[in-house]
Amino acid sequence: MNAVAAGLGAAAGFGALGATAGAVLPPRPRLPVAGVCTAGVGAAGCAAGVAALGGAGWSVRLPGLLPLAGTVWSVDALSGLFMAVAGAVVTAVAVYGIGYASGHGDHGLASRAAQAVLPFFALALILVPAAASVSTFLVLWELTALSSLLLVLVEHRERPAVRSAGVWYAVMAHLGLVLLLAGLALFAAHAGGEGFEELRRHADELPPAVRGTVFVLTGAAFASKAGAVPLHAWLPRAHPEAPGPVSALMSAAMVNLGVYGIVRTGFDLLGGGPAWWWLGVMTVGGLSAVHGILQAAMASDLKRLLACSTAENLGLVLVGTGAAGLFAASGDGPLAALALAAALLHLVNHAAFKALLFTAAGSVVRATGVRDLDRLGGLRARMPLTAGLFAVGALGAVALPPGNGFAGEWLLLQSLIHGMELPGVAVAVVLPLSVAFIALSAGIAAAVFVKALGIAFFARPRGGQAAHAHESPPPMLAGMGLLAVACAGLALAPGLLGPGLDRAVAAAGPRGAVPVTREGLGVRLHDIEATLSPLWVVAALTGALVLATVVPRWYGTRRRRTNARLWDCGGGAPTPRMAYTATSFAEPLQRVFDNVLAPEQDVDVTHARESAYLVERVRFRNRVPDRIEHRLYEPVLGALARTGRNARRLANGSVHLYLGYGFLGLLALFVVLAVGR
């Protein structure tokens, strides 16, 4: 049997078994059995994806699986890359989830409903890239949205904010589904069939206006799934409110499907397009990157900070995807292939370090019950392993060597800088701006993760929950350990991904181009003559670190040392209230970007009863609202609310009026039918 088919069949079997175990088993055996089955879904899906990256293709039509249309499945190297990433994340997170849900009794993620839905969610993440017809793709897309929505809502009895996040997520997910349905239905209607093979064959025959409309509609739907601005409103709400393992799956695997959709539709099914398509993608990506990281810098909620960082990284991936399309439209196939390879490599790296960061954040929340950085601190001593694993993920997120995020952003910058040689006003304006956006987001990301790591783990504890936290149980540490190993492997040996990355790019983008080749454990770029060997970078950094630590110690041992108390200006020993909080750490950045962020501040002074010159209490409030939401969503929601209130007047209880509505509706239908013929 084909390795891809065997892997997908095993994943489906594990998914059905895990869902059944989650639904029928009693609480004690439910978690390990359902967790192992979910891990099996991930391992089998990852194996199928790796086989596809190795060159094994697979396709099949199953007419009886879906009424009327049937289902069509096809796996190439591009599908394989996304399946492998999703499968690897699912495997590690499922192992982590066994420990996370233990101790919750029959509530939250340990409940019967959650354990039955989780394997289906994992299976849907792996199967979406294997869909090869419109109806199959839409069914799996909706299954992903519904199952993730149910998992986001599992703790709705514990926090009212979960219900609000669920409403936002449900509305945005189904708005995206409507756009996707409209775009793909229009495409299929003009192509004369709904199979991806038919769409590919007839794409060149579509009128330019139809091609553009299909790309805009589907692109908006996929951008919403990826959390790109301005359709990002669900992401900083749903990801923080979901349980830790679900947050990790959504942020490291589910959002990737938005990028997959843009690449599959724009490059493969539509065969590329004019420059304005890809300029739009780059603009959305650049704005998402800067907006996401600025919101992360202002956040004091640890999981919201990570969710906003996801928007930033997916924005960078969209910049690379848009650059690939722009270069392809300009006729430079090799550079287009390099930009697409950079985008896909950064997506893989982001999946590894973001899953690790969200699982580490989940460990913090499970141990303390607190997400507010201003109330955390001192966790390095109480949770040393979690602190070390979070540091590995943070190093990847700041995109500095030796973190695994460095290679992807370096590749992306190489493609953009060399693309500036292409002619055209748009290229001359957009590419330097993109480089500036990447540099700006990387600089702010460093500050963001220094804040998260420093305040949560190295500062003094600011509350009893943080002071009495305990290290996570072994399954959680094992899951995070797997992700940390993946981060280290991607950081030290990105060249191992080279052949698979080339096949994935060839399956989607410019045919015959080989952007990246393996050179030892490093990577070498074709047509640019650039190489990257992270091992040498790590060796140089390690040497510098050793010199910086050993030489001062050696010099210190030769001098007489005197132990003395640190000078404290007479104020006594510092207390946690005197240390930097997450809010105060971000205050300089807030001042720099004051005009962009438009923070809202309020000072409330209560005077003493005896005299107006004596102050009894001062209360200071600082809030940094999302300006896009403030300017875009609040007016729309206000208009909808007013429309709803006014619409109540139409239903006054009169039967005659209702008959009139029916008559007018029938008349309008006849008019539409007459005009449409």
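Before reading on, note that the structure itself is shown above.
Each chain has its residues counted from 1, running along the sequence as written. With pLDDT at 70 or above as the cut-off, local features in this predicted model cover only qualifying residues; side-chain atom pairs require 80 or more to be listed or tallied, and sums for whole chains, interfaces and linings still use all residues. Values shown for side chains rest on all heavy atoms present in the structure; no hydrogens or waters enter the calculation.

Draft legend 1. Expanded view of the side chain of Asp268. With respect to the element layout, Asp268 can be found in helix α11 (residues 256-269). Each residue's exposure class comes from its accessible area (1.4 Å probe, protein chains only) as a fraction of the maximum for that residue type: buried when under 20%, exposed when over 50%, partly exposed otherwise. A relative accessible area of 7% places Asp268 in the buried class. Pairs of N or O atoms are called polar contacts if they sit within 3.5 Å, as long as, within protein, a hydrogen donor faces a hydrogen acceptor (for residues adjacent in sequence, only side-chain-to-side-chain pairs). Side chain to side chain, Asp268 and Arg200 meet in a polar contact 2.8 Å long. Per the convention used, a helix needs a DSSP run of H or I reaching at least four residues, while a strand needs a run of E reaching at least two, with both numbered from the N terminus.

Draft legend 2. Main features of the packing of aromatic side chains. Whether two aromatic rings pair depends on their centres lying within 6.5 Å, for rings of Phe, Tyr and Trp, where Trp uses its six-membered ring; planes under 30 degrees apart make the pair stacked, over 60 edge-to-face, and the rest tilted. This model, assessed by the stated rule, comprises 15 aromatic pairs. With a centroid separation of 4.3 Å and an interplanar angle of 10°, the aromatic rings of Phe215 and Trp277 are classed as stacked. Residue Phe215 is located in helix α8 (residues 208-226), and its partner Trp277 is located in helix α12 (residues 275-298); the two are separated by 62 residues in the primary sequence. Phe215 sits in the buried class, given a relative accessible area of 7%. With a relative accessible area of 3%, Trp277 lands in the buried category. Taken together, the aromatic side chains of Phe215, Phe267, Trp276, Trp277 and Trp278 make up a single cluster linked through ring pairs. For the cation-ring pair, Lys225 lies above Trp141, with the distance from its terminal atom to the ring centre recorded as 4.8 Å. Lying across the ring of Trp168, Arg237 places its NZ or CZ 4.0 Å from the centre. Geometrically, a charge over a ring is one whose NZ (Lys) or CZ (Arg) sits within 6 Å of the ring centre while staying within 35 degrees of the ring normal.

Draft legend 3. Structural detail: the packing of helix α4 (residues 112-127) against helix α10 (residues 244-254). Axis geometry follows a simple rule: fit a line to the C-alpha atoms, using only the stretch in contact for helices, then measure angles between N-to-C directions, giving values from 0 to 180 degrees. Where α4 meets α10, the closest approach of the two axes is 11 Å, and the angle between their N-to-C directions is 10°. By the angle between their directions, the pair α4 and α10 is classed as roughly parallel. Each of Leu118, Phe121 and Leu125 in α4 lies in contact with α10, whose residues at this interface are Leu249, Met250, Ala253 and Met254. Oblique is the label for any angle not under 35 degrees, not over 145, and not in the 65 to 115 range, which are roughly parallel, roughly antiparallel and roughly perpendicular in turn. A contact between two residues is defined here by any heavy atoms of the two lying within 4.5 Å.

Draft legend 4. Geometry of the pattern of salt bridges. Between Lys or Arg on one side and Asp or Glu on the other, a salt bridge is scored when a side-chain nitrogen of the former is within 4 Å of a carboxyl oxygen of the latter. On inspection of all chains with the given rule, the structure shows 12 salt bridges. Residue Arg623 is joined to Glu600 by a salt bridge in which the shortest nitrogen-to-oxygen separation is 2.9 Å. Placement of Arg623 in strand β7 (residues 615-623) and of Glu600 in strand β6 (residues 600-607) is noted, with a sequence separation of 23 residues between them. For Arg623, a relative accessible area of 49% gives the class partly exposed. Several salt bridges converge on common partners, so that one network encompasses Asp76, Glu197, Arg200, Arg264 and Asp268.

Draft legend 5. Just empty space enclosed by the protein, in detail. Using a grid of 1 Å spacing that covers the protein atoms alone, one calls a set of points a cavity when a 1.4 Å probe fits there but cannot get out, and a pocket when the set is open and has protein on both sides within 12 Å along at least five of seven lines; lining residues are those with an atom within 4 Å of a point. Grid points are joined across faces, edges and corners, and a volume is the space filled by probe spheres set on the points. For the coordinates displayed, the defined rule picks out seven cavities of 30 Å³ or more. Its volume calculated, the largest cavity comes out at about 110 Å³. The wall of the largest cavity is formed by 15 residues, among which Thr38, Val93, Ala94, Gly97 and Leu118 lie closest to the centre. Taken together, the elements giving at least two residues each to the lining of the largest cavity come down to α2 (27-53), α3 (77-101), α4 and α10. In terms of residues, the lining of the largest cavity owes the most to one element, α3, which gives six residues. Residue type decides the class: Asp, Glu, Lys and Arg count as charged, Ala, Val, Leu, Ile, Met, Phe, Trp, Tyr, Cys and Pro as nonpolar, and the leftover types, Gly among them, as polar. Taken together, the residues of the lining of the largest cavity break down into 11 nonpolar, four polar and no charged.

Draft legend 6. Quick peek at helix α1 (residues 3-24). Expected span of a helix, by definition, is 1.5 Å for each gap between consecutive residues, and there is one gap fewer than residues. Under the 1.5 Å per step criterion, the end-to-end length of α1 is 32 Å for 22 residues, consistent within 8% with the ideal 32 Å. All buried positions along α1 are accounted for by Val4, Ala5, Gly7, Leu8, Ala11, Gly15, Gly18, Ala19, Ala21 and Gly22. Looking at where α1 begins, the residue whose side-chain oxygen comes 2.7 Å from the main-chain nitrogen of Val4 is Asn2.

Draft legend 7. Representation of helix α14 (residues 333-368). End to end, α14 covers 52 Å across 36 residues, agreeing with the expected 52 Å (1.5 Å per residue, within 8%). Across the 36 residues that make up α14, a large majority, 32, are buried. Just downstream of α14, Gly369 is the residue with a positive phi angle, here 75°.

Draft legend 8. Structural detail: a nonpolar patch on the surface. There is a patch of nonpolar side chains on the surface, built from Val603, Val605, Val615, Val618 and Phe620 and spanning about 450 Å² of accessible area. Put simply, the parts of the chain that give the nonpolar patch at least two residues each are β6 and β7. The dominant element in the nonpolar patch, judged by the number of residues it contributes, is β7, at three residues. Secondary-structure assignment places Val615 in strand β7. Surface patches are defined over residues having more than 30% relative accessible area and no salt bridge, joining like charges when they lie within 9 Å and nonpolar side chains (Val, Leu, Ile, Met, Phe, Trp, Tyr) when within 5 Å. Using the Shrake-Rupley algorithm and a 1.4 Å probe, accessible areas are obtained, with residue cover drawn only from the displayed protein chains.

Draft legend 9. Seen up close, the layout of surface pockets. Estimates place the volume of the largest pocket at around 630 Å³. Met298, Asn622, Arg623, Val624 and Pro625 are, among the 25 residues lining the largest pocket, the residues nearest its centre. When residues of the lining of the largest pocket are traced back to their parent elements, those giving at least two are α12, α23 (582-592), β7 and α25 (627-647). For the lining of the largest pocket, the element with the most residues is α23, which contributes six residues. Broken down by class, the residue content of the lining of the largest pocket amounts to seven nonpolar, eight polar and 10 charged. Shared between two domains, the lining of the largest pocket holds at least three residues of each, these being domain 1 (275-351 + 371-550) and domain 2 (627-676). Throughout, the edges of the domains are those of an automatic or database domain assignment.

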